[in-house]
Amino acid sequence: MPRRYKAVFVSPHLDDAVFSCGGEMSRLTKEGPVLVLNIFTEYLSEIKVHAVVLGAKRYAEERAAARFLGFESQNLGELDVSFRREAYRSLGNIFRPPVKEDLGDYLIELKKLVAKRLAAIEFERLYVPLAIGWHVDHVLTFLLFERWADRQKLIYYEDAPYCLIPHATRHRLDELGCYTPADEDQGLRQKSEIGAWWESARAYSETALMKNLKPRLLRWVATPVVDFYLYRLILLHRRAAMTAPKKLALKPIVTRLDCGEFERKVAAMALYESQFREFFLDAGDCRRLYEKYALSTEPMGRALERYWETIPKV
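Residues numbered from 1 in each chain as written. Predicted model: local features only at pLDDT ≥ 70, side-chain atom pairs only at ≥ 80, totals over all residues. Heavy atoms only, no water.

**As for the overall build of the protein**
Operational definition: Runs of H or I in DSSP of at least four residues are treated as helices and runs of E of at least two as strands, each being numbered from the N terminus. When we talk radius of gyration, it's over C-alpha atoms, and the globule rule is simply 2.2 Å times the number of residues to the 0.38. Each residue's exposure class comes from its accessible area (1.4 Å probe, protein chains only) as a fraction of the maximum for that residue type: buried when under 20%, exposed when over 50%, partly exposed otherwise. Contact between two residues is taken to exist if any of their heavy atoms lie within 4.5 Å; hydrogens are not considered. Methods summary: accessible areas were calculated by the Shrake-Rupley approach with a probe of 1.4 Å, and residue burial reflects only the protein chains presented. Residues scored as positive are Lys and Arg, those scored as negative are Asp and Glu, and His as well as the terminal groups of each chain are ignored. By convention, the point assigned to a charge is CZ for Arg, NZ for Lys, CD for Glu and CG for Asp.
Across its full length, the protein holds 14 helices and 10 strands. Taking 20 Å as the expected radius of gyration for a compact globule of 314 residues, we find that the protein reaches 19 Å, a close match to that expectation. Considering only C-alpha atoms, the protein reaches an extent of 60 × 50 × 45 Å along its principal axes. Looking at the 314 residues of the protein, the share that counts as buried comes to 53%. Looking at the protein alone, contacts between residues at least 24 apart form 79% of all its contacts between residues at least 6 apart. Total accessible area on the protein is roughly 14600 Å²; 59% of this is exposed by carbon and sulfur atoms. The protein carries 48 positive and 43 negative side-chain charges, and their two centres are separated by 2 Å.

Encoded structure:
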């Protein structure tokens, strides 16, 4: 008899599911078995690429988080983006549309592999990333389920920490289709592109990724370079959104986390030590960013996760 799960979370990398959905995972494990299927988990060497640590240490971090939250973890073993194609050795290309080699036979075979894994089990819900932030591996993971037959089971999650940057979620949703945010949701309000870029750039400059740059002179030099890169990246995807067919109609599902669930999520995230310290200065910084994100979504929100489900197009 096939193994039955309360939910399956499809994660581009080791850590993405917990960073994005740790509260929901903590809650669902109390109701039944939860599976995390990690896609891009193979590394050719132990290195630090673009402020992200890649290597065997990450498997131990995943096991620790799985024990802590009580989920089962499986790895598909596909090559991480930094090792898969020569084009992705450049940081700029990791957040641009996937190269044609990834969108041809490779994606077709990957879809078959994932579909085979999922056909061997039963589950009530399937959580997949929206690909907020446009990381190539996240985009490919999203595309695996673009034509998934059972839409009623399919739930999209907001990729963290990318969704913590102002306007990042809105930019991605504008690419994908139409959506209906709640009236009080300030984070998805339309804004002038220059204004939105400026808010995104300023928020990014305050992240651990930038603050960890030493000496301070290096950070001062890097900031305008990163600002310009963000501007060009947003412009690239905004232009694509203007001509792309709108394939999805989405509505939000806001999951509010109580204090205990939120703290368990932060503690689980911190177990991914190699990644956590690159994205957050410490646990307090992590809480601050998630609480700021929650307040932009709901005026009284302290901690929440927002998911999206498809609705029939009118």
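**Comments concerning the side chain of arginine 219**
The test is simple: Should a side-chain nitrogen of Lys or Arg be within 4 Å of a carboxyl oxygen of Asp or Glu, the pair is scored as a salt bridge. Residues adjacent in sequence count toward polar contacts only when both atoms are side-chain atoms; beyond that, a polar contact is any pair of N or O atoms within 3.5 Å, and within protein one must be able to donate a hydrogen and the other to accept it.
On the secondary structure map, arginine 219 appears in helix 11 (residues 216-243). Look at arginine 219: it is buried, it has no salt bridge, and the nearest opposite charge is glutamate 206 at 7.3 Å. Polar contacts involving the side chain of arginine 219 include one to the main-chain carbonyl oxygen of lysine 211, which spans 3.4 Å. Once residues lying within four places of it in the same chain are set aside, the contact partners of arginine 219 are Met210, Lys211 and Leu213.

**Here we look at empty space enclosed by the protein**
Here the idea is plain: a probe the size of a water molecule rolls over the atoms and shows the empty space left. Basically, it comes down to this: Cavities and pockets are found on a 1 Å grid laid over the protein atoms alone: a cavity is a set of points where a 1.4 Å probe fits but cannot escape, a pocket is an open set with protein on both sides within 12 Å along at least five of seven lines, and a lining residue has an atom within 4 Å of such a point. Grid points are joined across faces, edges and corners, and a volume is the space filled by probe spheres set on the points. Note on residue classes: Ala, Val, Leu, Ile, Met, Phe, Trp, Tyr, Cys and Pro are nonpolar, Asp, Glu, Lys and Arg are charged, and everything else, Gly too, is polar.
For the structure on display, the rule yields 1 cavity of 30 Å³ or more. Around the largest cavity sit 13 residues that line it, and Ser20, Glu158, Cys163, Tyr293 and Glu305 are the ones nearest its centre. Listing elements by their share of the lining of the largest cavity, those giving two or more residues are helix 1 (16-28), helix 14 (283-297) and strand 10 (304-310). The element best represented in the lining of the largest cavity is strand 10, accounting for 4 residues. The class makeup of the residues in the lining of the largest cavity is 8 nonpolar, 1 polar and 4 charged.

**Description of the packing of aromatic side chains**
We apply this condition: Each Phe, Tyr or Trp ring, with Trp reduced to its six-membered ring, pairs with another whose centre is within 6.5 Å; inter-plane angles below 30 degrees give stacked pairs, above 60 give edge-to-face pairs, and intermediate values give tilted ones.
Across all of its chains, the model carries 15 aromatic pairs by this definition. A ring pair is formed by tyrosine 127 and tyrosine 307, whose centres lie 5.5 Å apart and whose planes are at 75°; its orientation type is edge-to-face. In this pair, tyrosine 127 is assigned in strand 6 (residues 122-129) and tyrosine 307 in strand 10, connecting sequence segments 180 residues apart. Each member of the pair, tyrosine 127 as well as tyrosine 307, carries the same accessibility label: buried.

**Description of helix 8 (residues 168-176)**
Burial within helix 8 is extensive, with 9 of its 9 residues counted as buried. Those residues of helix 8 lying buried are Ala168, Thr169, Arg170, His171, Arg172, Leu173, Asp174, Glu175 and Leu176. Where helix 8 is buried, its residues contact helix 7 (136-143), strand 8 (177-179), helix 9 (193-205), helix 11, strand 9 (248-256) and strand 10.

**A word on the environment of arginine 58**
The residue arginine 58 is located in helix 2 (residues 57-69) in this model. Sequence separation between arginine 58 and glutamate 273 is 215 residues; the distance between their C-alpha atoms is 8.6 Å.

**Points about the sheet that holds strand 9**
Each strand in a sheet pairs with another by means of backbone hydrogen bonds, the pair being arranged parallel or else antiparallel. Basically, it comes down to this: Whether two strands pair depends on DSSP finding at least two bridges between them. For helices, the fitted axis covers only the stretch in contact; all axes are lines through C-alpha atoms, and the angles between them, taken along N-to-C directions, range from 0 to 180 degrees.
A sheet is described by the order of its strands in space; here 8 strands give the open sequence 5-2-1-6-7-10-9-8, paired in mixed fashion. Both outer strands of the open sheet, strand 5 (72-79) and strand 8, are each paired with one neighbouring strand and no more. Ignoring which end each strand starts from, the neighbouring axes of this sheet average 30° apart. Taken together, the 7 bridges between strand 9 and strand 10 define a ladder with antiparallel strand orientation. Bridge pairing in strand 10 links arginine 256 to leucine 304. Packing against the sheet, helix 2 makes contact with strand 2 (34-42) and strand 5, and its axis sits at approximately 175° to strand 2. The strands that helix 14 touches are strand 9 and strand 10; relative to strand 10, the one it contacts most, it runs at about 50°.

**Re the nonpolar core**
Defined as follows: Definition of nonpolar core: a set of buried residues of the types Ala, Val, Leu, Ile, Met, Phe, Trp, Tyr and Cys, connected through side-chain atoms within 4.5 Å.
Ranked by internal contacts, the top residues of the largest apolar core, which has 93 residues, are Phe9, Phe71, Leu118, Leu126, Phe145 and Phe280. What phenylalanine 280 contacts, discounting residues up to four positions off in sequence, is Phe19, Pro161, Leu164, Ala208, Met269, Asp285, Cys286, Leu289 and Tyr290.

**Some words on the packing of helix 2 against helix 12 (residues 259-270)**
For the record, the criterion: Throughout this description, any angle smaller than 35 degrees is read as roughly parallel, any larger than 145 degrees as roughly antiparallel, any in the 65 to 115 degree range as roughly perpendicular, and the remainder as oblique. Note on convention: the crossing is left-handed when the near helix lies turned anticlockwise from the far helix by less than a right angle, right-handed when the turn is clockwise.
Look at helix 2 against helix 12: their axes get within 9 Å of each other, and the N-to-C directions meet at 160°. One element, helix 2, and the other, helix 12, form an angle in the roughly antiparallel class. Relative to helix 12, helix 2 is oriented so that their crossing is right-handed. For the pair helix 2 and helix 12, the contacting residues are Ala65, Phe68 and Leu69 in the first and Arg264, Ala267 and Ala268 in the second. A class-by-class count of the residues in the contact of helix 2 with helix 12 yields 5 nonpolar, no polar and 1 charged.

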